[in-house]
Amino acid sequence: MLSLDPLGPECDSPLDSKDLEEEEGPWGGGSGLPPPGCFHGSWRHDVALDCKGSPEGAEARAWTVYYYSLLQSCLQQAGLPETQDRSQVPRTGCPGAEVTLCILGSPSTFLSLLLEGGVQSPGECVPKFPHPLLQKGQPCPGPATSQNTRQPWQLPAFHRASCPTPSGGGFWEQLPLTTQGPRLEVEGMGALSLPWPATLLPLPTGNMLLCLSPAWLTKVPAPGQPGEAALLVSKAVSFHPGGLTFLDDFVPPRRATYFLAGLGLGPSRGREAAELARDLTCPTGASAELARLLEDRLLTRRLLARQGDVAVPATLAFTYKPPALLRGGDASPGLRLVELNGKEGQETLVKEEVGAFLHSEALGDALQVAMKLSGWRWRGRQAMRLYPRAELGPVVDTVLALLEKLEEEESVLVEAVCPPARLPFPGSPLPGPELALRICAVVCRTQGDKPLLSKVVCSVGRGDRPLRHQSSLPRTLEAALAQCGLGEASQVAVVRQRVKAAAEAALAAVLTLEASLSAEQRGGRQVRTDFLGVDFALTVAGRALTPVALELNGGLCLEACGALEGLWAAPRPGLAAEEAAAAPLVETMLRRSARCLMEGKQLLLLGAGGVSKKFVWEAARDYGLKLHLVDSDPNHFASQLVQTFIHFNITEHQRDEENARVLAELVRARGLQLDGCFSYWDDCLVLTALLCQELGLPCNPPAAMHVAKQKSRTQLHLLCHHGPPWPAPSLYAVPCCPLESEADVDRAVRQVPLPGVMKLEFGAGAVGVRLVEDASQCHEHFSRIARDLQVEADYPGIGLGWGNAMLLMEFIEGTEHDVDLVLFGGRLLAAFVSDNGPTRLPGFTETAACMPTGLAPEQEAQLVQAAFRCCLGCGLLDGVFNVELKLTRAGPRLIEINPRMGGFYLRDWILELYGVDLLLAAAMVACGLRPALPAHPRARGHLVGVMCLVSQHLQALSSTASRETLQALHDQGLLRLNLLEETLVPGEYEEPYCSVACAGPSPAEARLRLLGLCQGLGIDGPHYPVAYFLSHFK
């Protein structure tokens, strides 16, 4: 039986808190003032809530004060400190160059989102020193007395003209301060508990902002984008790690890169919020236009019923002049839609339809029906009316009475009501009334528009009383089901999986609807639904527990999840950290902010790469990047996909400095106004650094790129870095010896312990890398490489343009791992660790890989720190880098640093699992922008893959595992295919032809799926034992 829980709320808001449910709520536009004295606690009330240049009336200011007090009450109950007012010293920032996530709405609704945003995007720590004599790292001056104590000392206010400062946004700008004893007194902030002598450290600027009033925001026309506007933030409460909050003014105002507003009824604040959200240039998570659609119960009911994977209550709807989205179309199971062109003289029709509905099988065993009005106008202003199913007359009379209230595009709904599912209680059932269960699920839109269930929260109450949001206590699904008598773990897992499938299908249906709407219908080009709340009743259908979707909303479910998370506000020993419900939403906000910051950026790209880099051109188009390409091949397919193509020989690396100057002149001659310049192609990295230096664009120093590019130079350079700080880079370096001639081999054998590894100094893709066990093998391999691989034409793309010099390094036992890093200003923003399978010695061509790593957290952290410190040791401070390491029994050891984005499948896997695009991050760094990445990205599954080689799989790749077959399996979602080479050409020296991977909720499941596919496709065999290559990932 599919039915409506009679305990559903009278109205569930999609975007804001309980206040939105009330007819005269604060965002509902009523004429009343907020209730006085409703918050208890001690916090300062003399804070500057007025926004300069945008005064508020008495009523509007009263609501601003109300929401500020509500915020302080929420922080107090969460065990977090009071908001500090630092608005007397405006923040400067870098408008247009920093992430700004702006929320306009009730603090109680969005608190969990705000706190998570403060953790995931704390902003940059950019100092603004208050005095020219006070520099970073120096103690605050103060004269010592004979008693060896410090006397109070007043620092003059900082004047920007007297001392050039770093980029804007720091905490210390223009702060007059005094020092006294062991504390630092900051005017307007009170005492900061810093030890004396104190080193002044900046606070982050804070990227997550809460606006308590529409007056704190301003829309300004966007140049070059007719009909659209930029949203500027003049005042806000900024959120920081640890729950710290500050009341800030921004001069100049910050430009929003993401906006989410709580929308309500009425002509006052709700209308202002709706107008602010309309037609913005920045990504927007809500609009009045979309809210009107999602608030129409009939429309969403029909939308979900057609989805097929979502159960909805049996419903009879009388709709008066329905909107276009409800007209015609196929019938939906359990949903009967009766279109009315008039409200008068419908008695006969209503009686016939209601009678047929009450006797239909769709109602199953329902004993009651509920009646309510549907439409935006009735949101929050109705009471649900219940009648026994057998009472036809009262139901008909109520429908006719409600029809008189309808306006166009509104409806009267008659819904089946079911009693709560009777769960088997172990032993004797507890005395008391029957319990009802309400399930609330938050689902977020993630990378690739994929819905992801974020969290499930439940409430339990009496079956004979209404069970509404904010009038019942939140609890986990496990606790709620146990309370109702279902405690078996496997049965609970089944219920959770069904809730997950239904909630994700609900958001998928909404996203499909949005895709069919025009920008005007959505409320703007950038408007998307990024999260959804779905309320379910748990009933029995076909002898199976089935979640039935009652309502779609966002704010109420998000608030319920925040309330549940608030139960653990005070840390308890042994309590495992659980991902916040808002975590995927914050990741989406950051991802969309990055797009906003990069849209229209002009980037020069050196080196197009081959088929493995085809994703670059699709991604650039998707992100709105304007690429200008420099490449040696005038017929390269990418030459037709960019704004400008410059044909230039970039393979003569002995002339890189001269070529950089020539290229710089070509760029100037063409009048290119570049925002950045970068490369992901090994051969072009040094040239790119030199060119950036010529053009004055952000990049790592050419000397650092030289060190990282030459493998022996990397190791020898790091071996000289003994610290401090510790662990020093020298601890990770491996002894090696460069080989330029045959004579160098004998010297190297005496210096480097054997067995060793011989490789090309500037090589790539493990081409020519070989294990050597004695001096004769060293001479033999050196001679072979010197004969076979001499110039670029012998094997394009592996660095032979730099020459074919080699090196001998010590062979390190251990497991091999890749660490992909994102660095900005010498700070580690993100790290992704993957595991590699054993290679086919004596060669080192990659065989298999797994992500995320299966290592213990401590070992993973050791690898990340090793990679990070090695990059810093080489002088690599900004960019996306791939570091290859081995984890030995003594700790990590460096194989090599690739000072560019990881190759092969790595960008694709990281994007799929973590939602982070290394290509976009590299482009942002190239433009001097801090990449908009979550501070703690979490993997959404596991990937295990295997490489296919032409030398080992030519027969399979020509038949059972052909390119067409693999692509078809990829399109069906059965595997992930990364094509690395264009043609099937066997040779003595080779790189992998393709990577084939399978996903799974666990490494074991992904591994088993991949092994089965490889066996069926002919990739696995005695000559290429896939099971052995995957054995390291158990």
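Because the structure is a prediction, the values reported are computed rather than measured.

Draft legend 1. Here's a closer look at the packing of helix α2 (residues 107-120) against helix α12 (residues 583-598). Close contact between α2 and α12 brings their axes to 9 Å; oriented N to C, the two are set at 60 degrees. For the element pair α2 / α12, the angle class is oblique. Considering how the two elements wind past one another, α2 and α12 form a crossing that is right-handed. Of the residues in α12, those touching α2 at Leu113, Glu116, Gly117 and Gln120 are Ala583, Leu585, Val586, Met589 and Leu590. Here the contact of α2 with α12 is built from residues that sort into six nonpolar, two polar and one charged.

Draft legend 2. Structural context of helix α5 (residues 297-307). Most of α5 sits out of view: nine of its eleven residues are buried. When α5 is considered as a whole, its buried residues turn out to be Arg297, Leu298, Leu299, Thr300, Arg301, Arg302, Leu303, Leu304 and Ala305. Between the side-chain oxygen of the N-cap and the backbone nitrogen of leucine 298 there are 3.0 Å, and the N-cap of α5 in question is aspartate 296. Glycine 308 occupies a position one or two residues after α5 and carries a positive phi of about 90 degrees.

Draft legend 3. Spotlight on the pattern of salt bridges. As enumerated under the stated definition, the model contains 39 salt bridges in all. Lysine 321 is paired through a salt bridge with glutamate 408; the nearest N and O atoms lie 3.5 Å apart. One end of the pair, lysine 321, is in the loop between β12 (315-320) and β13 (335-340); the other, glutamate 408, is in the loop between α7 (392-403) and β16 (410-417), with 87 residues separating them in the sequence. Note that arginine 1009 is salt-bridged to glutamate 1005, the shortest N-O span being 2.5 Å. Here arginine 1009 and its partner glutamate 1005 are both found in helix α25 (residues 1003-1017), four residues apart, which amounts to about one turn of the helix. By relative accessible area, glutamate 1005 is classed as partly exposed at 31%. A network of salt bridges, in which partner residues are shared, links Lys219, Glu275, Arg278 and Glu289.

Draft legend 4. Broad picture of the sheet that holds strand β14 (residues 368-374). Pairing is mixed across the open sheet formed by five strands, whose spatial order is β13-β12-β16-β14-β15. Whereas interior strands pair on both sides, the edge strands pair on one side only; in this sheet they are β13 and β15 (385-388). Mean inter-strand twist for the sheet, computed between neighbouring axes without regard to direction, equals 20 degrees. Both β14 and β16 contribute to a ladder of seven bridges, which runs antiparallel. Residue pairing in the sheet places leucine 373 in a bridge with valine 412 of β16.

Draft legend 5. Summary view of the packing of aromatic side chains. A complete count under the given rule lists nine aromatic pairs for this structure. Plain terms: the ring middles of tyrosine 66 and tyrosine 67 are 5.3 Å apart, the flat faces sit at 75 degrees to each other, and that makes the pair edge-to-face. Residue tyrosine 67 is classed as buried on the basis of its relative accessible area, which comes to 0%. Between tyrosine 1024 and phenylalanine 1029, the ring centres sit 4.8 Å apart and the planes meet at 70 degrees, which makes this aromatic pair edge-to-face. You'll find tyrosine 1024 and phenylalanine 1029 in the same group, each marked buried. Through a chain of ring-to-ring contacts, three or more aromatic side chains come together here, namely Phe39, Trp63, Tyr66 and Tyr67. The ring of phenylalanine 246 carries the charged tip of arginine 86 above its face, separated from the ring centre by 4.1 Å. Over the aromatic face of phenylalanine 637 sits the side chain of lysine 614, whose NZ or CZ is 5.5 Å from the ring centroid.

About the criteria used
- Residues numbered from 1 in each chain as written.
- Predicted model: local features only at pLDDT ≥ 70, side-chain atom pairs only at ≥ 80, totals over all residues.
- Heavy atoms only, no water.
- Axes fitted to C-alpha atoms, helices over the stretch in contact; angles between N-to-C directions.
- Helix = DSSP H or I, 4+ residues; strand = E, 2+ residues; numbered from the N terminus.
- Parallel < 35°, antiparallel > 145°, perpendicular 65-115°, else oblique.
- Left-handed = near helix turned anticlockwise from the far one by under 90°.
- Contact = heavy atoms within 4.5 Å.
- Nonpolar A, V, L, I, M, F, W, Y, C, P; charged D, E, K, R; others polar.
- Buried < 20%, exposed > 50% of the residue type's maximum accessible area, 1.4 Å probe, protein only.
- Polar contact = N/O pair within 3.5 Å; in protein donor to acceptor, adjacent residues only side chain to side chain.
- Salt bridge = Lys/Arg side-chain N within 4 Å of Asp/Glu carboxyl O.
- Pairing = 2+ DSSP bridges.
- Phe/Tyr/Trp six-rings, centres within 6.5 Å; stacked < 30°, edge-to-face > 60°.
- Lys NZ or Arg CZ within 6 Å of the ring centre and 35° of its normal.

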